[in-house]
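Listed here are the chains, written in short residue letters.
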Amino acid sequence: MARIIPLSEGSFTVDATKRFSPFRLGTDNLQDRPHGSLLVEIQPFLVITDRDYILFDAGLGFRNEDGVLQIHQHLIDHGINPMEITKVLMSHLHKDHSGGVSAADPITGERTLTFPNATYYVNNEEMLYAMEHAGKSYLAEDIVLLQQRDNVVFTTGNGTIDGYIHYELTGGHCPYHQVFLVDDGEDKVFFGGDVAPQISQMRSRFVAKYDYDGKRSMELRQEFMERGKQEGWTFLFYHDTKEPFAKF
């Protein structure tokens, strides 16, 4: 049976510059942030199956006060050695999902992949698009190592990994966004990245201005919810720390 561990990095505001600033619920005031700031929650997931320790997206790549990568600390707090991660499945490469793909050593400045023993799965066209559009939403320095390492698999279209992890190219949120369904014979766990980011968005016919194709994303949410209901999927919500995962 698959074990699901949400790795919440907390709440942040993001403004027109696409900078993510920590936001303490209950003490900070959204009105004090730059005009038009959006409140977002950031939450990668670890799913443990009989075969793998799977990380879904990599978070912001922030370090805690002790200089430890936040995502590493969360894993350690759950009794997981970050070196045990076997697969990192990337829905897309926007910086709030890929900031934790690699990290620069605080002393030497040398950059390494944060999960060196894992195989990273990244959509090939998304990689090329991210490097071409590096700037606000995509940070080249976080992801460029993916093109230089041999433990990275570049996917195209739809397919299956190791016979039980299915990926689908969806577009919607960005042109080459992909989603994943882990089906180990017992459980079906679905990670929809930013086409299924929150439970509230699943339940409403919501078109987001920040999506590349908001209408397509809305349609995808409806489609996935129907499929998930029929097949008993557990949905993982990257931007919903209040209700990290759910079945419909």
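Cut-offs applied
Residues numbered from 1 in each chain as written. Predicted model: local features only at pLDDT ≥ 70, side-chain atom pairs only at ≥ 80, totals over all residues. Heavy atoms only, no water. Pairing = 2+ DSSP bridges. Helix = DSSP H or I, 4+ residues; strand = E, 2+ residues; numbered from the N terminus. Axes fitted to C-alpha atoms, helices over the stretch in contact; angles between N-to-C directions. Phe/Tyr/Trp six-rings, centres within 6.5 Å; stacked < 30°, edge-to-face > 60°. Buried < 20%, exposed > 50% of the residue type's maximum accessible area, 1.4 Å probe, protein only. Lys NZ or Arg CZ within 6 Å of the ring centre and 35° of its normal.

An order of S3-S2-S4 is seen for the 3 strands of this open sheet, with the pairing classed as antiparallel. The open sheet has two edge strands with one neighbour each: strand S3 (20-22) and strand S4 (38-42). Ignoring strand direction, the axes of neighbouring strands in this sheet form an average angle of 40°. Pairing geometry for strand S2 (residues 10-14) and S3, over 3 bridges, is antiparallel. Paired with Phe12 across the strands is Pro22, a residue of S3.

Moving on to the packing of aromatic side chains. With the rule as written, the count across this model stands at 14 aromatic pairs. On the basis of an interplanar angle of 65° and a centroid distance of 6.1 Å, the ring pair of Tyr129 and Tyr176 is categorised as edge-to-face. Pair noted here: Tyr129 is in helix H3 (residues 124-132) and Tyr176 is in the loop between strand S13 (165-169) and strand S14 (178-183), with a separation of 47 residues, a long-range link. Judged by its relative accessible area of 29%, Tyr176 is partly exposed. Members of the aromatic cluster, connected to one another through ring pairs, are Phe190, Phe224, Trp233, Phe235, Phe237 and Phe248. The side chain of Arg51 reaches across the aromatic face of Tyr164, ending 3.9 Å from its centre.

Time to look at the pairing of S2. For S2, the tally of buried residues reaches 4 of 5 residues, placing the bulk of the element in the interior. Here S2 pairs with S4 via 5 bridges, running antiparallel. Looking across to S4, one finds that Gly10 is bridged to Ile42. Taking the residues between adjacent antiparallel strands as the criterion, S2 and S3 are bridged by 5 residues, where Lys18 takes a positive phi near 65°.

Attention now moves to the pairing of S13. Bridge analysis of strand S12 (residues 159-161) against S13 gives 3 bridges, and the strand direction is antiparallel. Along S13, the bridge assignment pairs Thr160 with His166. Following S12, the chain reverses through 3 residues before pairing antiparallel with S13; Asp162 in that reversal takes a positive phi of roughly 50°. Sheet topology places S13 next to S14; 5 bridges connect them, and they run antiparallel. Considered in S14, the bridge of Tyr167 is made with Phe180.

The quantities given are spatial measurements derived from coordinates; they are silent on function.
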